[in-house]
Amino acid sequence: MNFQEQLQQIIQGIFSQNNQSRKQGEDRLAQLREAQPNEFVMQMLNLCRHEELKIRQFAPVYLRYSLSKFAPKSHKNVWNQLISETKETVKLHLFQFIEVEMSHIVRNQLCDTIGEIGGSLYEDDSHNEWHNLLPTLWQMFLSPNNDIIECGFKILGNLFMYSIDQFDKHYQDLHTLFVQGLASPQIKIKSSTMHALGNYVKYALPAQYKIFQDLISNMMKSALDITIQDQSLGEGIMEVFSNIVDSKPKFLRKQFNIFFNGIYCMFRESQIDNGVKRIGTETLLSMVEKFPGLFKFEKIYLMQVVEMIFYHMIQISSTITDEWMKPPEGFNDDIEQDEDCETTRFGMSSIDRLIESLGRKEMLPLLNPIVSELLRHQDWRCKHAAIMALSQVGEYIDQVTDIKSTIELILPMLNDSNSMIRYAVCHAIGQIADDMKPKFQESYLHIVVPQFLNRLTLEDVPRVNSHILAALTNFVEGTEKGIEAYLPNLIQLSIKFLNIGISIEKENAISVIAATAESSKLFFIPYVNELLPLLFQIFSTHQTKQYRQLKGQAIETITLIASAVGEQVFLPFLQQTVQILIQVQTSNLEAIDPQKSYVLSGWQRLALVCPQQLAKYLGEIVPSLFKLIQQVFNINTTESNKKKELLTYDNEEAEVAIHMLSVFIEELKQSFFPFVEKCIELIVPLSQFNSDETIRSAACKCLVSLVKVVKETNNSQQLMNGAKYFLGIILEAAFKESDPSVIIEQIDCIKQIIDIVSSPFMTTEEVSELSDKLFKLLLESDKRRAQNENLAKEEDVDEDEKNAIKEQTETEENLHGKIAECIGSLFESHKELVLPLSEVICNQILQKVLDQPKFVKMHQFGLSLLDYIVEYFGFPYIQKHFIDFAQVLTIYAVDPICSVRQAAVYGIGVMATNTPQELYLQVSQSLIKAVVDSLKAQKNEDENEKQFGLARDHSISALGKILKSQPQSLGQDLVWGFETWLYLLPLQYDKRQAHFQHNLLAEFIIQKGGYFVNGKSENAFHILKVLANCYKSKWSTISLDSQIVNALRVFEQLDSVKVFLQQIFLKLSPEDQKKLLEIPK
């Protein structure tokens, strides 16, 4: 058997339905490619002309995978292993094959192969391994064969994806080609031109695509021509516009009227299918989201978009089928949508997107007359569309009174003769109840619930019954009080449908029970003994596949009842619940099975309700639970590389899994320790989970929780080893992370681990490596911030983009702050080992960040680093920087931005605490003045009360620290200093500083109470008032309360106080008097 025959045989095996045969064939093909790359490529090239179509389709694709640096990682690029002759043969033959190939599918694959390999071989004009690619390509457009011209545009489009820069010298040539292609009478050439132009815009920079903006009119005319003649090609053209709007909406902005009118013209064209029109509608919705200001200004465009949305919503069948009214067992409204349901949901989602983008003030007045007119229409589908649209407005209405007219309008339709109208009313009220809870429930509890309960006794359409129960669930979930009045009816009707209803009625009846338990809590206890056995029974009476959702919801309801009634009431049912959950999670669940999420959430609730009791069953629970989590994340270890591969079909399910693990670790604490090692195997791959940033963040937080578990074992060596390992995992994830907000959480996890271990656990080299990596993350963040700053200066940046850039910049600055906090934890725990790092900060970083006048967060970042150095190193280390540090703190203590002031005055406080007297006296006057001046600062309009209060608390605290540690620095003003500080107490915003300062007041009273009172009754009154206010307050502690009691006992015995003690006591508030009288004598 020769080489080509071998290849053919292997490829036939790859076509096999047998997975193992296919895998063996792929492996064998890869081996041949690596062993004999030249022979392999030449023979694969020959197979591109094989008589069998399947092989001709396969060969170009495999060549592309074998010769491109852009190919999937599972394929090896062997281009550099080819001899020159083979390379030239590939380049020549691929173009020749296009000329003789009859199958358009194979021609397309050859175009893809030329485009990707051509892009792979181009780095820049001086590094281009396929010099004659463009000359050969230009020749294709001179061909008399329309198929060849079409292929030319397809190759162009592919090259734009991979190496768009090689066309920078050919703008005019491309413009001419696009004009000619769009004007072609052949719709396939028009279509391939549109796709190529779309790709160019998608991958180009604004400076590159500007020259082609004058082609928008040509594009819209071609799009209409193509779509009328060929709906499938037209659908692809609409996707081109959609991609441009998603990636480069500004391309369309300057000729927006032409673009919009072109899409609208296609919408009005009767020959075009609704599916194509819908893509156009979605594209315009995306434009609204990109340029809301434009649509607010051009109201006519907005009206036309709304018209398009309602047109789609009304395009449902006028006949209500028996199957709709009574769906088969196992039907899931969210998954098994028919075309009508899907169309309606598209319209609802579109209305929601418009209100979200443009605001309620813009949209609600526009929607009201349209909805009112539709409700008066004779066609029930118009009423249905109007009611479903109304279901979306509750989220955007603040006052319940504003929804009153809507409820009065639609609630009577709960008794309409049309079942889909009744269904729509349930949907609207259920959605509004969810969006406006609990205010809506407070106003309508005794209106909506009785009408729903009454309708349940009359309704004969199961689909509507199910939706009434679903709406009741939403309503009850948002009811904070009063639902107990309806408990008997809610429970009995739910039991009725649980016993005799079809599956969707049973499922929503169970949801009502769950919501009722959550809302009524202890009022639900009398029903527990009746309901839980009924719920347990479901698992023995409903064992077929169509009841998976029902069983999942039964698990949810059982565990929600546990949360509602508490551990003691639920304890008799715990063992059976545990056995049911284990039974379900070991029942060979399919890849897509709703029970998985319910099981995971169920374990999470049980861990929160009764962790100690649940711990007894961990040996039975955890092994199969871990297998279930592996299935959720589809964690596989491949034999070839032994690396974890991750793929999940359902990110929501994956989020449930990782949060359940987190709760298990946090709540079960030391009981979970035997499973830590296996848990680490699960969590570590998730720290780099590509498809969901939430999971990546949660995985890192789980590692922090595991450190806490290990710490409880009191095995210091195990703790240090684990902490180092986890730090490495999180740092690796941070370096691969593209989302700065996730990096912030990852850095916070690193900080928490360092804080948890607290004692030095890293070597000098390890500390140096960690700090180096933190600084690299800092530099990368700084680069992104600088890029944002440059983007904001570009002339065509609109307000929406500026706001987005501003948010991104703030995220980067917050990342700087979190890195500073992490460095602070390093300083605190590894003081001697981080001296080199502190020198880098002092000499290279502080001046740079503090000299950036526009960036408030950078000032905070620099001041935080300075504060940490002063706090954790102090004298003598800071002696050489002392004067410079003091000057910086003096300047920023009076900054108009409260967050900057807060960081500066905190530094002044720790400087007073950590500096020898003789050194401190050199700067004391300027620092004291800065603190006093900081207390005179006024709140800015854009600062909230808490932000301002936190900064003020820190200024007061700084003054208190000066009084405690450097009293001599005030000289003759000491009494004034004490009294100033006293009358600024108590602190109200910063709990940590409040505890310190209130404790300091008690300490001053005990040590020098007479001096503090200074013979003044007003001083005595304020001292008593502050101590009474702080005693047993929300921010107090047992130790602080004890210190306050000691201070009060000293205080009442002071001679300077005895004379007016009774008098000042009577001036206190009744609440403070009562607290003081409760103190034992």
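About the thresholds
- Residues numbered from 1 in each chain as written.
- Predicted model: local features only at pLDDT ≥ 70, side-chain atom pairs only at ≥ 80, totals over all residues.
- Heavy atoms only, no water.
- Helix = DSSP H or I, 4+ residues; strand = E, 2+ residues; numbered from the N terminus.
- Buried < 20%, exposed > 50% of the residue type's maximum accessible area, 1.4 Å probe, protein only.
- Contact = heavy atoms within 4.5 Å.
- Areas by Shrake-Rupley, 256 points an atom, 1.4 Å probe, with all protein chains shown as cover.
- Lys, Arg positive; Asp, Glu negative; His and termini not counted.
- Charge placed at Lys NZ, Arg CZ, Asp CG, Glu CD.
- Axes fitted to C-alpha atoms, helices over the stretch in contact; angles between N-to-C directions.
- Parallel < 35°, antiparallel > 145°, perpendicular 65-115°, else oblique.
- Left-handed = near helix turned anticlockwise from the far one by under 90°.
- Nonpolar A, V, L, I, M, F, W, Y, C, P; charged D, E, K, R; others polar.
- Domains from an automatic or database assignment.
- Buried area = accessible area lost by both parts, 1.4 Å probe.
- Salt bridge = Lys/Arg side-chain N within 4 Å of Asp/Glu carboxyl O.
- Polar contact = N/O pair within 3.5 Å; in protein donor to acceptor, adjacent residues only side chain to side chain.
- Expected span 1.5 Å × (residues − 1).
- Core = buried A, V, L, I, M, F, W, Y, C linked by side-chain atoms within 4.5 Å.

**Focus: the overall build of the chain**
Scanning the chain from N- to C-terminus turns up 55 helices and four strands. Each principal axis of the C-alpha distribution contributes one length, and for the chain these read about 110 × 80 × 60 Å. Sorting the 1081 residues of the chain into buried and exposed places 55% on the buried side. Across the chain, contacts joining residues at least 24 apart in sequence account for 73% of those joining residues at least 6 apart. Accessible surface for the chain amounts to roughly 48100 Å². Of this, 49% is attributable to carbon and sulfur atoms. For the chain, the separation between the mean place of its 103 positive charges and that of its 135 negative charges on side chains is 3 Å.

**Considerations on the packing of helix H43 (residues 856-872) against helix H44 (residues 882-892)**
Contact geometry of H43 with H44 gives a least axis separation of 11 Å together with a crossing angle of 135°. In terms of axis orientation, H43 runs oblique to H44. Like other packed secondary-structure pairs, H43 and H44 cross with a definite hand, here left-handed. Across from His859, Leu863, Leu866, Asp867, Ile869 and Val870 in H43, the residues of H44 making contact are Phe885, Val888, Leu889 and Tyr892. Residues of the contact of H43 with H44, tallied by class, amount to eight nonpolar, one polar and one charged.

**A look at the environment of Leu706**
Here Leu706 shows up in helix H37 (residues 693-711). The exposure class assigned to Leu706 is buried, which follows from its relative accessible area of 0%. For the pair Leu706 and Phe672, spaced 34 residues apart in the sequence, the C-alpha separation amounts to 9.1 Å.

**Concerning the domain arrangement of the chain**
According to the domain assignment, the chain consists of domain 1 (762-865), domain 2 (874-984) and domain 3 (996-1080). Between the C-alpha centres of domain 2 and domain 3 there is a distance of 26 Å. Taken together, the 13 residues of domain 2 in the interface contact 15 residues of domain 3. Carbon and sulfur atoms make up 66% of the surface buried where domain 2 meets domain 3, a total of about 1300 Å² over both sides. Taken together, the links from domain 2 to domain 3 amount to two salt bridges. For the pair domain 2 and domain 3, the interface holds eight residue pairs in polar contact (both at pLDDT 80 or more). Every element with two or more residues in the side of domain 2 that touches domain 3 is listed here: helix H48 (945-965) and helix H49 (974-982). In terms of residue class, the side of domain 2 that touches domain 3 is built from eight nonpolar, two polar and three charged.

**Some words on the pattern of salt bridges**
For the structure on display, the rule yields 44 salt bridges. Here Arg696 makes a salt bridge to Glu737, at a shortest N to O gap of 2.5 Å. Separated by 41 residues along the polypeptide, Arg696 in helix H37 and Glu737 in the loop between helix H38 (716-736) and helix H39 (740-757) bring together distant segments of the chain. In terms of burial, Arg696 and Glu737 fall into one category: buried. Among the salt bridges present, the one from Glu1003 reaches Lys964, with a minimum N-O distance of 2.9 Å. In this pair, Glu1003 is assigned in helix H50 (residues 991-1013) and Lys964 in helix H48, connecting sequence segments 39 residues apart. For Glu1003, a relative accessible area of 18% gives the class buried.

**Details of H39**
With 18 residues, H39 extends 26 Å between its outermost C-alpha atoms, agreeing within 8% with the 26 Å of an ideal straight helix rising 1.5 Å per residue. Within H39, 13 of the 18 residues are buried, leaving the element largely enclosed by the surrounding structure.

**So, the nonpolar core**
If you look at the biggest cluster of nonpolar residues, it comprises 206 residues, and the most contacted ones within it are Trp603 and Phe664. Top element by residues in this core is H37. It accounts for 11 residues. In contact with Phe664, other than residues within four places in its own chain, are Trp603, Ala607, Leu614, Leu618, Ile621, Leu625, Lys669 and Phe672. Leu174, Tyr209, Ile237 and Ile432 belong to the second largest nonpolar core, which has 173 residues in total.

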